[in-house]
Amino acid sequence: MARILITSAIPYINGIKHLGNLVGSQLPADLYARYARARGHEVMFVCATDEHGTPAELAAAKAGKPVAEYCAEMHEVQKDLSDGFRLSFDKFGRSSSPQNHALTQYFAGRLADNGYIEEVSERQVYSKADGRFLPDRYIEGTCPNCGYDKARGDQCENCTKQLDPTDLIDPRSAISGSTDLEVRETKHLYLRQSLLKDELDAWISSKTDWPVLTTSIAKKWLHDEGGLRDRGITRDLDWGVPVKRGDADWPGMEGKVFYVWFDAPIEYIAATQEWADENGLGDAAWQRWWRTDKGADDVRYVQFMGKDNVPFHALSFPATILGSGDPWKLVDYIKSFNYLNYDGGQFSTSQGRGVFMDQALDILPADYWRWWLLSHAPETSDAEFTWENFQASVNKDLADVLGNFVSRVTKFCRSKFGEVVPAGGAYGPAEQAVTQQIAARLSSYERHMEAIEIRKAAAELRAIWAAGNEYLQEAAPWAAFKDDPDRAAAIIRFSLNLARLYGILSAPFIPDASAALLKALDAEDADWPQDVEAALQALPAGHGFTVPDNLFRKIADEEREDWQTRFAGQRG
RNA sequence: GGGCCUGUAGCUCAAUUGGUUAGAGCAGAGCGCUCAUAACGCUUUGGUUGGGGGUUCGAGUCCCUCCGGGCCUACCA
């Protein structure tokens, strides 16, 4: 038994996430967490809402609410949705928690003590009408190169040239449209991660088994244009973690907060502390996951995230940890994902294009989405959601292959032997052959799950389901029953045990259907099989069960067409 | 502009890292079965691996080039 720490990138607070966000971090992390628990490992799985930054303040203003209240409400909304998708977090925390405030300030203090913080005075655009400094992206104007009138301060979308906000002709605030802008002097803290470049480089280079996506992004940042650059970790905002040096004030930094990307990964640690506090456990309970001097030296730490998050997790957060000089746990494996596209384009939060978490659960149960999303996870390249593909996968894989197998076996048994595992006969060569085939596939399934090769694991699981139908066709209990009822009894006994096995093996992907299946078979205490042959004898003759309702329903063509038009754009 | 990823059957994806005749699922065709959610099983048709050139005994895989798609490019998060 091992100890595995799992974190999912924390979703931003300003709205409900779409399925592309879900499959890029939280859902695969949940799959891995459920699998690891099923294999008997001790797991700590944390996530949280990422609540700071300019967009949160603007979203709150738009909703006409104080930002703290807005974030508290949206946290509950996101919490309910993650429960709805059966995301099995040990703690779904908040980056605005007191624990994260204290830890973030603590890290900043340690970094300063060790010479990794630099105070930099810089000039930034301030909007008097908005009463705030504007990030480059929130300044609009006319592009000096191509004349496009909606160019942003960081880049012109039209001609793709990179810009400086001061390049823009007729600059205005993208928030209010105000042109009453001025350049003001402001002081910020920079994390001197350039000092850690060689150490980070050697560390990344040692991770030869990480996804190419992860290491290539990290190396690009390490080596691009003179190497890893220092990074500002404070902002002139109201909402966030106030800049302090540990417990002490930071002269000259009054009224400023830490940058959301500095405090967000620290929330992984803080969320674990939130979990410990909430359960009345002491500091040792969370520190044994995070401090290698306090028991975390045998922990394997795995992070899940979309590719846009890689630089922060592969470089900035490790720089924070290394620079602290404390024995905090560094990540052991970063699983990163490409993007999921929607029907020929991108999911778009701003345009309401695609399916969002709340809408998905309104139309179908979580398992249907979990199965499709995980079996099509964008691991090697961007993946594509289409309604036709979704419908085909759900109907074929879930309803026909798995659902119908359970249905035909349990109903046949009920009509010929009653709702009880039948006695008589014995397993023969046919059963031995299937047992061997499934044992081989199971070890392949386990290998893929351990390597977090999600699509391959899904394909193997499907093949394990299909083996049941192949066996049943070959063994033909409906024919055997006529002249050799004992043989039919053995076949059905074996098949019911197959169904139980499927309930166990499928649980990481489709937890609700698996639970319903095991409940119907009165086998809810089932453990992960150590030995397939033994597992296929777990339900003995005489064991009672009930025929379950159909585990999955099919998606009709009319429904699919309806959803297709409904989610094409302009949510609401 | 620079960097990275990607293009394989009608569709969604594989291919043990350069090794026999490029494989699965779905869709299509044929046959079988009748326990089951009109479900299941078996067989089968689909490929000049985006185009062109090169290296090699051997290239989907490596190199060059062209074409298409995508991401990142450090103040959105």
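Residues numbered from 1 in each chain as written. Chains lettered and ligands numbered in written order. Predicted model: local features only at pLDDT ≥ 70, side-chain atom pairs only at ≥ 80, totals over all residues. Heavy atoms only, no water.

### Looking at the packing of helix α6 (residues 212-223) against helix α9 (residues 310-324)
Turning to step 1, where the next piece is worked out: The contact between α6 and α9 brings their axes to 9 Å, and the two run at 60 degrees. Taken together, the axes of α6 and α9 are oblique relative to one another. Taken as a pair, α6 and α9 cross one another with a handedness that is right-handed. Here Thr-214, Ile-217, Ala-218, Trp-221 and Leu-222 of α6 lie close against α9, whose contacting residues are Val-310, Pro-311, Ala-314 and Leu-315. (Axes fitted to C-alpha atoms, helices over the stretch in contact; angles between N-to-C directions. Helix = DSSP H or I, 4+ residues; strand = E, 2+ residues; numbered from the N terminus. Parallel < 35°, antiparallel > 145°, perpendicular 65-115°, else oblique. Left-handed = near helix turned anticlockwise from the far one by under 90°. Contact = heavy atoms within 4.5 Å.)

### Comments concerning the protein's contact with RNA strand B
Turning to step 1, where the next piece is worked out: In the vicinity of RNA strand B there are 57 residues, among which Gln-124, Arg-137, Gln-346, Asn-404 and Arg-455 approach most closely.
Turning to step 2, where the next piece is worked out: Between a sugar or linking oxygen of RNA strand B and a side-chain N or O atom of Asp-50, the distance comes to 2.8 Å.
Turning to step 3, where the next piece is worked out: A distance of 2.4 Å separates a sugar or linking oxygen of RNA strand B from a polar atom in the side chain of Asn-404.
Turning to step 4, where the next piece is worked out: The set of elements that each furnish at least two residues to the surface near RNA strand B consists of α2 (54-63), β4 (117-127), α6, α7 (260-278), β19 (383-385), α12 (387-416) and α14 (454-475).
Turning to step 5, where the next piece is worked out: Looking at which element gives the most residues to the surface near RNA strand B, the answer is α12, with eleven residues.
Turning to step 6, where the next piece is worked out: Residue classes in the surface near RNA strand B are distributed as 17 nonpolar, 17 polar and 23 charged. (Near = heavy atom within 4 Å. Polar contact = N/O pair within 3.5 Å; in protein donor to acceptor, adjacent residues only side chain to side chain. Nonpolar A, V, L, I, M, F, W, Y, C, P; charged D, E, K, R; others polar.)

### With respect to the pairing of strand β16 (residues 333-337)
Turning to step 1, where the next piece is worked out: Within β16, five of the five residues are buried, leaving the element largely enclosed by the surrounding structure.
Turning to step 2, where the next piece is worked out: With burial as the criterion, each face of β16 is covered, one bearing Tyr-333, Lys-335 and Phe-337 and the other bearing Ile-334 and Ser-336.
Turning to step 3, where the next piece is worked out: Sheet analysis places strand β15 (residues 299-306) next to β16, joined by five bridges and oriented parallel. Its bridge partner being in β16, Gly-306 is matched across the sheet by Phe-337.
Turning to step 4, where the next piece is worked out: Handedness of the crossover joining β15 and β16 through α9: right-handed. (Buried < 20%, exposed > 50% of the residue type's maximum accessible area, 1.4 Å probe, protein only. Pairing = 2+ DSSP bridges. Right-handed = clockwise from strand over helix to strand, strands pointing away.)

### Side note on helix α13 (residues 429-450)
Turning to step 1, where the next piece is worked out: Over its 22 residues, α13 runs 32 Å from end to end, which matches the ideal 32 Å to within 8%, given 1.5 Å per residue.
Turning to step 2, where the next piece is worked out: Here the buried face of α13 lies against α1 (19-38), α14, α16 (485-506) and α18 (532-535).
Turning to step 3, where the next piece is worked out: Following α13 by one or two positions, Ile-452 adopts a phi angle in the positive range, close to 55 degrees. (Expected span 1.5 Å × (residues − 1).)

### Some remarks on the nonpolar core
One recurring pattern in soluble globular proteins: nonpolar side chains tend to sit buried together.
Turning to step 1, where the next piece is worked out: Core analysis: the largest hydrophobic core is formed by 164 residues, its most contacted members being Trp-369, Trp-387, Phe-390, Tyr-445 and Phe-509.
Turning to step 2, where the next piece is worked out: In terms of residue count, α12 provides more of this core than any other element does, twelve residues in total.
Turning to step 3, where the next piece is worked out: Residues within four places of Phe-509 in sequence aside, it is in contact with Leu-31, Arg-370, Trp-371, Leu-374, Tyr-445, Met-449, Ile-454, Ala-457, Ala-458 and Leu-461.
Turning to step 4, where the next piece is worked out: In terms of nonpolar packing, the next biggest core, distinct from the first, is built from ten residues, Ile-13, Ala-56, Val-67 and Trp-239 among them. (Core = buried A, V, L, I, M, F, W, Y, C linked by side-chain atoms within 4.5 Å.)

### With respect to the packing of aromatic side chains
Think of a pair of aromatic rings as described by two things: how far the centres are apart, and how the planes are tilted against each other in angle.
Turning to step 1, where the next piece is worked out: Overall, the coordinates contain 33 aromatic pairs when judged by the stated rule.
Turning to step 2, where the next piece is worked out: Their ring planes at 70 degrees and their centres at 5.7 Å tell us that Tyr-368 and Phe-552 sit as a pair that is edge-to-face. Taken together, the residues span a long stretch of sequence, with Tyr-368 in helix α11 (residues 366-375) and Phe-552 in the loop between α18 and α19 (557-566) at a distance of 184 residues. The exposure classification of Tyr-368 matches that of Phe-552, with both residues buried.
Turning to step 3, where the next piece is worked out: For the ring pair Tyr-445 and Trp-528, a centre distance of 6.2 Å and an interplane angle of 15 degrees mean the geometry is stacked. Taken as a pair, Tyr-445 in helix α13 and Trp-528 in the loop between α17 (511-520) and α18 lie far apart in primary sequence, 83 residues in all. The same class applies to Tyr-445 and to Trp-528, which are both buried.
Turning to step 4, where the next piece is worked out: An aromatic cluster of at least three residues, connected via ring pairs, comprises Tyr-342, Phe-347, Trp-369, Trp-372, Phe-385, Trp-387, Phe-390, Trp-563 and Phe-567.
Turning to step 5, where the next piece is worked out: Geometry around Trp-289 places Arg-3 over its ring, the cationic atom sitting 4.5 Å from the centre. (Phe/Tyr/Trp six-rings, centres within 6.5 Å; stacked < 30°, edge-to-face > 60°. Lys NZ or Arg CZ within 6 Å of the ring centre and 35° of its normal.)

### A short note on helix α8 (residues 283-290)
Turning to step 1, where the next piece is worked out: Among the residues of α8, Ala-285, Trp-286, Gln-287, Trp-289 and Trp-290 are the ones counted as buried.
Turning to step 2, where the next piece is worked out: Where α8 is buried, its residues touch β1 (3-8), β2 (42-49), α7 and β15.

### Focus: the sheet that holds β4
The strands making up a sheet associate through backbone hydrogen bonding, with each pair oriented either parallel or antiparallel.
Turning to step 1, where the next piece is worked out: Strand order in the open sheet made by the four strands is β5-β4-β9-β10, with antiparallel pairing throughout. Looking along the sheet, the strands with just one partner apiece sit at the ends: β5 (132-133) and β10 (231-232).
Turning to step 2, where the next piece is worked out: Judged from the two bridges that link them, strand β9 (residues 181-191) and β10 form a sheet pairing that is antiparallel. Bridge assignment links Leu-191 to a residue of β10, and that residue is Arg-231.

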